[in-house]
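Residues per chain are reported as follows:
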Amino acid sequence: MNKTALPLLTLSLLTLASGAALASYPEKPVNIVVPFSAGGPTDKVARDLAEALRKPLGATIVIENVGGAGGTLGATKVAKAAPDGYTLLLHHIGMATSPSLYRNMQYKTLDDFEYLGLINEVPMTLIAKPSMPANSYAELAKWLEANKGKVNLGNAGLGSASHLCGLLYQSTIKIDMTTVPYKGTGPAMTDLLGGQIDLMCDQTTNTTSQIEGGKVKAYAVTSSKRLTAPALAKLPTLDEVGLKGFSVNIWHGVYAPKGTPKPVLDKLTAALKAALADADFHKRQEALGAVIVTDARVNGAEHKKFVEAEIAKWGTVIKAAGQYAD
């Protein structure tokens, strides 16, 4: 065999081996990194999705919680992971707000990921401690006006969904509150239940059971239309009660490291679409007030366009507030 033929043969063998590996993907468990703590609203979405993904993907799905820095630690881990389809990211709206909140991130949101598709949109609920004297949104508005400078608004940390909703709510009603950031939704909810903080704006995936159990006061939802979940159906939208145009939906999407081979991406996106059509997944999400995405954003290209628009939208809000996480 001549010297020219040997490298060509080696390259051909490597190509064949690589193709075989892609064809047999997945051969081991697939990790979905959730960049927040276990038990939180994004974690709940991820675990429901993992259950629906196992069959169409043909693999065990492992949820890995990598919390910290408003979701950027987990996102960084995935951005730097091997692009082989075995490490994915499930992230919420923080994917679009982090570029404004964190000015020295170790990844580029639009450049360092393959976009696989949106999963759902989750409205927020405006809730208060159980001892709050207001029993309707009109009464709450009066209470907030009468207690200017004394209201504590909790959130799950800078960059969290509850932090973003709180920023927009304060700017809309033009009342500044003392924001109290926590290390996750769990401790924030614990202090709200105990009366250590007054208000919180949090995802329905985390608040529905508390509302249903009568453990918190609930006043409104942030969706453009009323929700159908039994525990939430009686709550008006903030638009209805006078905050015209107020709408916040916390969406969730799935991402892979940049450079993941197209055959692997094709398998992942096909499995994701099958999971979104799963009846049990629908039931679990709807019970929590979440709405499964069915439009073009379930495709990677439209998902990316949507995130790009969200980066611009929330960048304006964050810049106006002047609150940064770094």
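Just so it is clear, the model here is predicted, and its values are computed rather than measured.

So what exactly am I meant to see when it comes to the overall build of the chain here?
Broken down by element type, the chain carries eleven helices and ten strands. Taken over C-alpha atoms, the radius of gyration comes to 22 Å for the chain, in line with the 20 Å a tight globule of 326 residues would show. Considering only C-alpha atoms, the chain reaches an extent of 90 × 40 × 30 Å along its principal axes. Counting every atom, the chain has about 14,400 Å² of accessible surface; 56% of that belongs to carbon and sulfur. For the chain, the separation between the mean place of its 33 positive charges and that of its 28 negative charges on side chains is 1 Å.

Is there a simple way to explain unusual backbone geometry in this structure?
Glycine aside, a negative phi is what most residues show, and trans is what most peptide bonds show. The amide bond that connects Tyr 25 to the next residue, Pro 26, takes the cis arrangement and shows omega of 0 degrees. Even without glycine at this site, Ala 69 takes up a positive phi of about 55 degrees. Tracing the chain through its elements places Ala 69 in the loop between strand S2 (61-65) and helix H3 (72-79). The residue Lys 174 is not glycine, and still its phi comes out positive at about 60 degrees. Judged by its relative accessible area of 69%, Lys 174 falls in the exposed class.

I keep staring at the state of the cysteines and nothing clicks. Help me out?
A disulfide bridge is the covalent bond that connects two cysteines by way of their sulfur atoms. A full pass over the atoms with the stated rule returns one disulfide. Covalently, Cys 165 is tied to Cys 201 through a disulfide, its sulfur atoms 2.0 Å apart. Here Cys 165 and Cys 201 share a disulfide; its torsion about the S-S bond, 50 degrees, makes the bridge right-handed. Taken together, the positions of Cys 165 in helix H6 (residues 161-173) and Cys 201 in strand S7 (residues 199-203) put the pair 36 residues apart, joining distant regions of the chain.

So what exactly am I meant to see when it comes to the pattern of salt bridges here?
Using the criterion set out here, one finds twelve salt bridges in the structure. Between Arg 284 and Asp 48 there is a salt bridge, and its shortest N-O distance comes to 3.3 Å. Taken together, the residues Arg 284 in helix H10 (residues 279-287) and Asp 48 in helix H2 (residues 41-57) connect sequence positions 236 residues apart. Here Arg 226 ties to Glu 240 by a salt bridge, and the two come within 2.9 Å at their closest N and O atoms. Here Arg 226, found in the loop between strand S8 (217-221) and strand S9 (249-257), pairs with Glu 240, found in the loop between S8 and S9; they are 14 residues apart in sequence, far enough to count as distant. Taking relative accessible area as the criterion, Arg 226 reaches 41% and is therefore assigned partly exposed. Residue classification places Glu 240 among the partly exposed residues on the basis of a relative accessible area of 42%.

What is the right way to read the nonpolar core from this model?
Inside soluble globular proteins, nonpolar side chains tend to come together where they are buried. Core analysis: the largest hydrophobic core is formed by 81 residues, its most contacted members being Leu 140, Leu 144 and Tyr 169. Of the residues forming this core, the biggest block, eight residues, is contributed by strand S4 (residues 113-128). Sequence-distant contacts of Leu 144, defined by excluding residues within four places in its chain, comprise Val 151, Tyr 169, Ile 173, Ile 175, Met 177 and Leu 199. Counting residues in each nonpolar core, the second largest holds 14 residues, with Ile 197, Ile 211, Ala 229 and Leu 235 among its members.

Please clarify how the packing of H6 against helix H11 (residues 300-321) should be interpreted in this entry.
Angle between the axes and distance between the axes: these two values describe a pair of packed helices. With their axes 11 Å apart at the nearest point, H6 and H11 run at an angle of 70 degrees to one another. Considering the angle they form, H6 stands roughly perpendicular to H11. At the point where H6 passes H11, the crossing takes the left-handed sense. Contacts between H6 and H11 involve Leu 164, Leu 167 and Leu 168 from the former and Trp 314, Val 317, Ile 318 and Ala 321 from the latter. Of the residues belonging to the contact of H6 with H11, the class tally is seven nonpolar, no polar and no charged.

Please explain the packing of helix H4 (residues 94-101) against H11 as it appears in this structure.
Between H4 and H11, the shortest axis-to-axis distance is 8 Å and the interhelical angle comes to 45 degrees. One finds that H4 runs oblique with respect to H11. Like other packed secondary-structure pairs, H4 and H11 cross with a definite hand, here right-handed. Across the interface between the two elements, Ala 96, Thr 97, Pro 99, Ser 100 and Leu 101 from H4 touch Val 307, Glu 310, Ile 311, Trp 314, Gly 315 and Ile 318 from H11.

What's the story with the side chain of Thr 72 in this structure? I'm lost.
Looking at where Thr 72 falls in the secondary structure, it is placed in helix H3. Here the side chain of Thr 72 touches Ala 69 through a polar contact of 2.7 Å, landing on its backbone oxygen. If sequence neighbours within four positions are ignored, Thr 72 has contacts with Ser 98, Tyr 102, Met 105 and Tyr 107.

I keep staring at the packing of aromatic side chains and nothing clicks. Help me out?
The description of two aromatic rings rests on the distance between their centres and on the angle between their planes. Summed over the entire model, instances satisfying the criterion amount to six aromatic pairs. Note on Phe 113 and Tyr 255: the rings are 6.1 Å apart at their centroids and 70 degrees apart in plane angle, and the pair reads as edge-to-face. Remark: Tyr 255 occurs in strand S9 and Phe 113 occurs in strand S4; sequence separation between them is 142 residues. You'll find Phe 113 and Tyr 255 in the same group, each marked buried. Relative to Tyr 255, the ring of Tyr 115 has its centre 5.0 Å away and its plane inclined at 80 degrees; by these criteria the two rings are edge-to-face. Of the two residues, Tyr 115 sits in strand S4 while Tyr 255 sits in strand S9, which places them 140 residues apart along the sequence. Each member of the pair, Tyr 115 as well as Tyr 255, carries the same accessibility label: buried. In this structure an aromatic cluster arises from ring pairing among Tyr 107, Phe 113, Tyr 115 and Tyr 255. Across the ring face of Phe 306, the terminal group of Arg 297 is positioned such that the distance to the ring centre comes to 4.8 Å.

About the thresholds
- Residues numbered from 1 in each chain as written.
- Predicted model: local features only at pLDDT ≥ 70, side-chain atom pairs only at ≥ 80, totals over all residues.
- Heavy atoms only, no water.
- Helix = DSSP H or I, 4+ residues; strand = E, 2+ residues; numbered from the N terminus.
- Rg over C-alpha atoms; globule rule 2.2 N^0.38 Å.
- Areas by Shrake-Rupley, 256 points an atom, 1.4 Å probe, with all protein chains shown as cover.
- Lys, Arg positive; Asp, Glu negative; His and termini not counted.
- Charge placed at Lys NZ, Arg CZ, Asp CG, Glu CD.
- Buried < 20%, exposed > 50% of the residue type's maximum accessible area, 1.4 Å probe, protein only.
- Disulfide = S-S within 2.5 Å.
- Salt bridge = Lys/Arg side-chain N within 4 Å of Asp/Glu carboxyl O.
- Core = buried A, V, L, I, M, F, W, Y, C linked by side-chain atoms within 4.5 Å.
- Contact = heavy atoms within 4.5 Å.
- Axes fitted to C-alpha atoms, helices over the stretch in contact; angles between N-to-C directions.
- Parallel < 35°, antiparallel > 145°, perpendicular 65-115°, else oblique.
- Left-handed = near helix turned anticlockwise from the far one by under 90°.
- Nonpolar A, V, L, I, M, F, W, Y, C, P; charged D, E, K, R; others polar.
- Polar contact = N/O pair within 3.5 Å; in protein donor to acceptor, adjacent residues only side chain to side chain.
- Phe/Tyr/Trp six-rings, centres within 6.5 Å; stacked < 30°, edge-to-face > 60°.
- Lys NZ or Arg CZ within 6 Å of the ring centre and 35° of its normal.

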